[in-house]
Amino acid sequence: MAQQSLGKKLFKEYGLIVVGSAIYAVAFNWFFQPNHIAFGGLTGVAQILNYIWGALPVGVLTIVMNVPLFIIGVRRMGIGILFSSLFAMGASSLLVDLLASAYTFQPMEPLLASVYGGVLLGLSLGMMLLVNATTGGTELLARLLKYRFRHLPIGRLCLAIDLTVICAYALVFRNLDNALYGLVALYISTIVMDMVIYGSRTAELAYIISDHSGQIAQDLLNLEMGITILDGTGGFSGNEKKVILCAFKRHQIAVVKAHVTDIDPNAFIIVCQAHEVLGEGFGIYDKNSL
């Protein structure tokens, strides 16, 4: 039974990698390659080094730079990331070549290519990172830096790395337009990547202040929502107040407001977004989580 469960888990994870690799191939061949939009990451570094010294081809330089990252990644996250990332690298490279040989995409308006290319690129990389796989390069380096900079989303780390590479690309190749379009695609891809990775983890947080806090608390408990009662004091009246703290999924916000205002139309409700909520009914902490 355990082996069957493990098999289903691996099938789901590697299936997601294949889908992500296919989207990556479409983004590269349709939007980036024909429009010559600057591509960040270790591939961009390899292009710069090849242009300056010319000793090794771009592909070899990219592999050489990836080797120490994979060694550190295996030590930090286990052998699983090596297999999944090698599979992701192989699948994405194969699908890029297969798509390129099957169909040649024509150039389009560069800004459109930057926008839609960034969306597809962020979607593909986010899907792979969800199952701890990367195509190497920027994503793997950002994944490792996440251990040091826990407060930064993975997309922001990718943005910082790729931004540096694209700026260097513009200086070396003296091609400012392509670099600027690359920055547009890069920014959009990091936003989409963070939405894919963290979107399912976000929740809403409500602070509810009412003279009928006991009845409201019981009503929310009947909805099987977790609540915490906080002690408060009215700033104007000086009266003691009970503040209800409640975390819930985004789609439940209308239900919460309806139930609270049905009991007390004058209730004071503060709703804000929580980046991540851990605990029963929400996420579970993992030391390797993004």
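For the structure itself, consult the block above.
Keep in mind that what you see is a predicted model, and the values were worked out from it rather than measured.

Each value, and the rule that gives it
- Residues numbered from 1 in each chain as written.
- Predicted model: local features only at pLDDT ≥ 70, side-chain atom pairs only at ≥ 80, totals over all residues.
- Heavy atoms only, no water.
- Salt bridge = Lys/Arg side-chain N within 4 Å of Asp/Glu carboxyl O.
- Helix = DSSP H or I, 4+ residues; strand = E, 2+ residues; numbered from the N terminus.
- Phe/Tyr/Trp six-rings, centres within 6.5 Å; stacked < 30°, edge-to-face > 60°.
- Buried < 20%, exposed > 50% of the residue type's maximum accessible area, 1.4 Å probe, protein only.
- Lys NZ or Arg CZ within 6 Å of the ring centre and 35° of its normal.
- Pairing = 2+ DSSP bridges.
- Axes fitted to C-alpha atoms, helices over the stretch in contact; angles between N-to-C directions.
- 1 Å grid on protein atoms, 1.4 Å probe; cavity = no way out; pocket = protein on both sides within 12 Å on 5 of 7 lines; lining within 4 Å.
- Points joined across faces, edges and corners; volume = space filled by probe spheres on them.

### Re the pattern of salt bridges
One pass over the full model with this rule turns up 4 salt bridges. In this structure, Glu 13 engages Lys 9 in a salt bridge whose closest nitrogen and oxygen atoms are separated by 3.0 Å. Of this pair, Glu 13 and Lys 9 are both found in helix H1 (residues 2–32), 4 residues apart, which corresponds to roughly one turn of the helix.

### Observations regarding the packing of aromatic side chains
Within this structure, the stated rule accounts for 5 aromatic pairs. Residues Trp 30 and Phe 31 carry aromatic rings whose centres are separated by 4.6 Å and whose planes lie at 20° to one another, so their mutual orientation is stacked. For Trp 30, a relative accessible area of 35% gives the class partly exposed. Between Tyr 103 and Phe 105, the aromatic rings sit 4.9 Å apart at their centres with planes inclined by 75°, giving edge-to-face as the arrangement. Note on Phe 105: relative accessible area 19%, which makes it buried. Its guanidinium or amino end placed over the ring of Tyr 147, Arg 76 lies 4.1 Å from that ring's centre, counting from NZ or CZ. One Lys or Arg, Arg 148, reaches over the ring of Phe 149 and ends 5.3 Å from the middle of that ring.

### Some thoughts on the sheet that holds strand E4 (residues 268–274)
As summarised here, the arrangement of the 4 strands in space is E2-E3-E1-E4, forming an open sheet in which the pairing is antiparallel. Two strands in the sheet have a free side with no partner beyond their single neighbour: strand E2 (227–233) and E4. Adjacent strand axes in the sheet meet at a mean angle of 25° when their direction is disregarded. Pairing analysis gives 7 bridges linking strand E1 (residues 203–209) to E4, with the strands arranged antiparallel.

### Some points on the layout of surface pockets
Volume-wise, the largest pocket comes out at about 960 Å³. As for the largest pocket, its lining consists of 40 residues, and the residues nearest its centre are Tyr 24, Phe 28, Phe 39, Gly 40 and Thr 43. Contributions of two or more residues to the lining of the largest pocket are made by H1, helix H2 (41–52), helix H3 (58–77), helix H4 (80–102), helix H5 (110–130), helix H6 (138–145), helix H7 (154–173) and helix H8 (176–198). Here the element with the most residues in the lining of the largest pocket is H8; it accounts for 6 residues.

### What about the pairing of strand E3 (residues 240–248)?
Strand direction decides the pairing type here: E1 and E3, joined by 6 bridges, are antiparallel. Among the inter-strand pairings, Ala 206 is bridged to a residue of E3, identified as Cys 246. Both E2 and E3 contribute to a ladder of 7 bridges, which runs antiparallel. Its bridge partner being in E3, Ile 227 is matched across the sheet by Cys 246. Here E2 folds back onto E3, and the loop between the two strands holds 6 residues, one of which, Gly 238, carries a positive phi near 75°.

### Digging into the environment of Phe 87
Looking at the secondary structure, you find Phe 87 in helix H4. Judged by its relative accessible area of 33%, Phe 87 falls in the partly exposed class. As a C-alpha pair, Phe 87 and Val 18 span 69 residues in sequence and 8.8 Å in three-dimensional space.

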